[in-house]
Amino acid sequence: MWMLSTKMLPAAAVLYPMTFITKSTGLFDTHFLIILVLSLINLPIVVWMLFTYFKEIPKDIIEAGQMDGVNTWGEIKEILIPLAWGGIASTALLCFIFCWNEAHWTVRLTTTDAATLSKLIEGNRAPEGLFFGRLSAVSAAAVGPIVILGWFCQKQLVQGLTFGAVK
Amino acid sequence: MGRIQLKSVTKSFGDVQVIPPLDLTIEDGEFAVFVGPSGCGKSTLLRMIAGLEDLTSGEIEIDGTIATHVPPAQRGLAMVFQSYALYPHMTVRKNIGFPLRMAKMAQAEINQRVETAAKSLNLMEYLDRKPADLSGGQRQRVAIGRAIVREPTAFLFDEPLSNLDAALRVGMRLEIGELHERLQTTMIYVTHDQVEAMTMANKIVVLRAGVIEQVGSPLDLYHRPQNEFVAGFIGSPKMNFVTGPEAEKHGAATIGIRPEHTEVSMSEGEWKGRVGVAEHLGSDTFIHVHDTGVADLVTVRVSCDIAVKHGDTIYLTPQVDQIHKFDTQGLRL
Ligand SMILES: Nc1ncnc2c1ncn2[C@@H]1O[C@H](COP(=O)(O)OP(=O)(O)OP(=O)(O)O)[C@@H](O)[C@H]1O
Ligand SMILES: [Mg+2]
């Protein structure tokens, strides 16, 4: 649970220090920064989700592997990853969605070079009001990939791969 | 070869000692069965032999070499789990071949061994299916196949049949017995089903709370149980125990008499009782007799149809030469 605790800190509270640090180190508005920040904010949820999936692998199967002579790497490659595959895929997808939609940091830590879609959507807001036409177009474009990806991954997401292994 | 020797082996989980010092030798080619009530440490003992559980103290020797700290796969033993523990993402073929692939055997050799094993287990049609598409009995056969291909020095079974229905269980019991006859490999088989123990074993190890109560052949345990626990555990229906004056007549604190060793009569006999439930199995009838004055309930087994009704008066006479006598400690006299 402590892994999730960083999620509870209001992002606004660290906004100013973050902007200051990134500007002074020259990371502001770089792809590297966006990758770093997005990885870090998603890390807790990834660890937590994967932990749950790996924990569900029956102990007997892992022990059967030990009897059959797998080494540590073999155990990961031949047993753990295939069995948690559904979980890994859904975690990846969820993570992708989170990153894609993340607006708080991407809007504030980028200007043009590393701008994401969120920034683009945000850019359609002007003091005079919203450009509704462009806003809807960009939003639709932003939703598209997620919907398509989700659709293709559905099988992977739903499939419980462990079924039938143990009674 | 597959001679397994346990030397003052103990096991504790935290402060709880599950297995007090225990010595046991299983000879090469033997079919040894561990039986005992739930929680007596059968699985723990088997898992220690397999190497899946560390010993707290003591030593395990396999074929004369100390294997206490040898990792599971290098002990040359194969295990069949109660839950089958098949790899769900692999086909039957891959499942059976997995230990060989891990041992870096050539693919051609793997294929050949898998086919041989599959043929002997009637799994040829299912080689390309995944475990999820198999019945319980087929899954169990795959698990056995995965054990056979390794040509282990000994097989370890942990209640392999308890997830199967009764008819299938009898079938698989015979198949495993057949397998043992064919391979003549040491097998250690854990069960809490004394019928499985009696029918399959050369050597039965009766455990209670981590302590070996008796080791012997099935008939040994049946005819000469060393204490009351073994006497009550082996045999179905259970042996009847009688205490008090009736036992003192035979110079014992407790006497035991098996249901099949009691004569039944409607007119005369040593003990008079009232018929309770009569279970007709076709070949045999078990009659539960109340109010005999010697024990709460005496069960008798009669081989032919006998017309008794609930509440009838019945007379029982134990066969004197079949009476088991125990002292106050429950030990055989
Ligand atoms: N990992 C563990 N931690 C603590 N106690 C354990 C552990 N594994 C087993 N035990 C205890 O050890 C004792 C023996 O367990 P074991 O599983 O060997 O029994 P068993 O004879 O196989 O029973 P069953 O017939 O129900 O399978 C039990 O009292 C159990 O609670
Ligand atoms: Mg057990």
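1. Comments concerning the nonpolar core
Residue and element names in this part refer to chain B.
Part 1: Counting 45 residues, the largest nonpolar core has Ile-4, Leu-6, Phe-34 and Ile-49 as the members making the most contacts within it.
Part 2: Beyond its immediate sequence surroundings of up to four residues, Leu-6 is in contact with Leu-22, Asp-23, Leu-24, Leu-45, Ile-49, Glu-59 and Ile-60.
Part 3: Val-33, Val-35, Val-149 and Phe-229 belong to the second-largest nonpolar core, a separate cluster that totals 44 residues.

2. Describing the interface of chain B and chain A
Interface size is commonly expressed as the accessible area that is lost once the parts come together.
Part 1: Each partner contributes to the interface: chain B provides 27 residues, whereas chain A provides 22 residues.
Part 2: Here chain B meets chain A over a buried area of about 2100 Å², counting both sides, of which 60% is carbon and sulfur.
Part 3: Inspection of the chain B/chain A interface yields four salt bridges.
Part 4: Where the side of chain B that touches chain A is concerned, the elements lending two or more residues are helix H1 (42-50), strand S6 (77-80), helix H2 (92-102) and helix H4 (136-148) of chain B.
Part 5: Counting residues per element, the side of chain B that touches chain A draws most heavily on H2 of chain B, at four residues.

3. Overview of the packing of aromatic side chains
When we look at a pair of aromatic rings, we describe it by the centre distance and by the angle of the planes.
Residue and element names in this part refer to chain B.
Part 1: Applying the stated criterion to the full structure yields six aromatic pairs over all chains.
Part 2: One aromatic cluster is present, built from ring pairs that chain together Phe-31, Phe-155, Phe-157 and Tyr-189.
Part 3: When the ring centre of Tyr-87 is taken as reference, the NZ or CZ atom of Arg-146 above it lies at 4.8 Å.

4. Digging into the site of ligand 1
All names here are of chain B.
Part 1: Near ligand 1 the following residues occur: Phe-13, Val-18, Ser-38, Gly-39, Cys-40, Gly-41, Lys-42, Ser-43, Thr-44, Glu-159 and His-192.
Part 2: A distance of 2.8 Å is found between an oxygen atom of ligand 1 and a backbone nitrogen or oxygen belonging to Gly-39.
Part 3: At 3.3 Å from an oxygen atom of ligand 1 is found a side-chain nitrogen or oxygen belonging to Glu-159.
Part 4: Sort the elements by how many residues they give to the shell around ligand 1 and H1 lands first, with three residues.
Part 5: A per-class count over the shell around ligand 1 returns three nonpolar, six polar and two charged.

5. Re the pairing of strand S14 (residues 271-280) of chain B
Successive residues of a regular strand alternate their side chains across the two faces of the sheet.
All names here are of chain B.
Part 1: In terms of strand pairing, S14 meets strand S17 (residues 313-318) through four bridges, oriented antiparallel. The residue bridging Gly-273 from the neighbouring strand is Ile-314, located in S17.
Part 2: Alignment of S14 against strand S15 (residues 285-290), held across five bridges, turns out to be antiparallel. Each bridged residue has a counterpart across the sheet, and for Ala-278 the counterpart in S15 is Ile-287.
Part 3: Here S14 folds back onto S15 in antiparallel fashion, the turn holding four residues, of which Gly-282 has a positive phi close to 95°.

6. What about the domain arrangement of chain B?
Residue and element names in this part refer to chain B.
Part 1: Each assigned domain of chain B is listed here: domain 1 (4-230) and domain 2 (238-326).
Part 2: Just the C-alpha atoms count here: the centres of domain 1 and domain 2 sit 38 Å apart.
Part 3: Tallying the contact residues gives six residues for domain 1 and eight residues for domain 2.
Part 4: Together, the buried faces of domain 1 and domain 2 total about 590 Å²; carbon and sulfur atoms form 53% of this surface.
Part 5: The largest contributions to the domain 1 side of the interface with domain 2 come from Tyr-222, Pro-225 and Glu-228, which together make up 82% of the buried area.
Part 6: At the surface where domain 1 touches domain 2, the tally comes to zero salt bridges.
Part 7: The interface formed by domain 1 and domain 2 includes two residue pairs in polar contact (both at pLDDT 80 or more).
Part 8: The biggest single contributor to the side of domain 1 that touches domain 2 is helix H7 (residues 218-223), with three residues.
Part 9: Looking at the side of domain 1 that touches domain 2, its residues break down into three nonpolar, two polar and one charged.

7. Considering the confidence of the model for chain B
Residues and elements named next belong to chain B.
Part 1: Confidence in the prediction of chain B, expressed as mean pLDDT, is 92, and 100% of residues score 70 or more.
Part 2: Within chain B, helix H9 (residues 245-248) has the poorest average pLDDT of any element, 88, and strand S8 (residues 186-191) the best, 96.
Part 3: Complex prediction metrics read pTM 0.83 and ipTM 0.83.

8. Describing the side chain of Lys-11 of chain B
Residues and elements named next belong to chain B.
Part 1: Take Lys-11: it is sitting in strand S1 (residues 4-13).
Part 2: Buried within the structure, Lys-11 lacks any salt-bridge partner; Glu-53 is the closest side chain of opposite charge, at an N-O distance of 4.2 Å.
Part 3: Here Asp-54 takes part through its backbone oxygen, which lies 2.7 Å from a polar atom of the side chain of Lys-11.
Part 4: Sequence-distant contacts of Lys-11, that is, excluding residues within four places in its chain, are made with Val-16, Gln-17, Val-18, Ile-19, Thr-44, Met-48, Glu-53, Asp-54 and Thr-56.

9. With respect to the sheet that holds strand S7 (residues 154-158) of chain B
Residue and element names in this part refer to chain B.
Part 1: Strand order in this open sheet of six strands is S6-S7-S8-S3-S9-S10, and the pairing throughout is mixed. What marks the edges here is a single partner per strand, and that holds for S6 and strand S10 (211-216). Strand-to-strand twist in this sheet, taken as the mean axis angle between neighbours without regard to direction, amounts to 15°.
Part 2: As defined by bridge partners, strand S3 (residues 31-35) adjoins strand S9 (residues 203-208) across four bridges and the pair is classed as parallel. Each residue of the ladder has a partner; that of Phe-34, found in S9, is Val-205.

10. Describing the confidence of the model for chain A
All names here are of chain A.
Part 1: Residues of chain A with pLDDT of at least 70 account for 68%, and the chain-wide mean is 74.
Part 2: The least confident element of chain A, judged by mean pLDDT, is helix H1 (residues 2-5) at 58; the most confident is helix H4 (residues 59-67) at 92.
Part 3: Note on residues 160-167: pLDDT is under 50 here. Beyond four places in sequence and across chains, it has 26 contacts.

11. Here's the deal with the packing of helix H3 (residues 31-55) of chain A against helix H6 (residues 85-101) of chain A
Residues and elements named next belong to chain A.
Part 1: Running from N to C, H3 and H6 cross one another at 160°; their axes reach a closest spacing of 10 Å. Here H3 is positioned roughly antiparallel relative to H6, judged by the angle of their axes. Crossing angle aside, the handedness with which H3 passes H6 is right-handed. Packed against H3, whose contacting residues are Leu-38, Asn-42, Ile-45, Val-46, Met-49, Leu-50, Tyr-53 and Phe-54, the element H6 presents Gly-87, Ile-88, Ser-90, Thr-91, Leu-94, Cys-95, Phe-98 and Cys-99 at the interface.
Part 2: Split into classes, the residues belonging to the contact of H3 with H6 amount to twelve nonpolar, four polar and no charged.

12. Side note on the sheet that holds S15 of chain B
All names here are of chain B.
Part 1: Strands sit in the order S13-S17-S14-S15-S16 across an open sheet of five strands; the sheet is antiparallel. Lying at the two open borders of the sheet, with one neighbouring strand each, are strand S13 (262-265) and strand S16 (297-302). Pairs of neighbouring strands in the sheet enclose a mean axial angle of 45°, with direction left out of account.

Conventions adopted
- Residues numbered from 1 in each chain as written.
- Chains lettered and ligands numbered in written order.
- Predicted model: local features only at pLDDT ≥ 70, side-chain atom pairs only at ≥ 80, totals over all residues.
- Heavy atoms only, no water.
- Core = buried A, V, L, I, M, F, W, Y, C linked by side-chain atoms within 4.5 Å.
- Buried < 20%, exposed > 50% of the residue type's maximum accessible area, 1.4 Å probe, protein only.
- Contact = heavy atoms within 4.5 Å.
- Buried area = accessible area lost by both parts, 1.4 Å probe.
- Salt bridge = Lys/Arg side-chain N within 4 Å of Asp/Glu carboxyl O.
- Helix = DSSP H or I, 4+ residues; strand = E, 2+ residues; numbered from the N terminus.
- Phe/Tyr/Trp six-rings, centres within 6.5 Å; stacked < 30°, edge-to-face > 60°.
- Lys NZ or Arg CZ within 6 Å of the ring centre and 35° of its normal.
- Near = heavy atom within 4 Å.
- Polar contact = N/O pair within 3.5 Å; in protein donor to acceptor, adjacent residues only side chain to side chain.
- Nonpolar A, V, L, I, M, F, W, Y, C, P; charged D, E, K, R; others polar.
- Pairing = 2+ DSSP bridges.
- Domains from an automatic or database assignment.
- pLDDT = per-residue confidence, 0-100.
- Lys, Arg positive; Asp, Glu negative; His and termini not counted.
- Axes fitted to C-alpha atoms, helices over the stretch in contact; angles between N-to-C directions.
- Parallel < 35°, antiparallel > 145°, perpendicular 65-115°, else oblique.
- Left-handed = near helix turned anticlockwise from the far one by under 90°.

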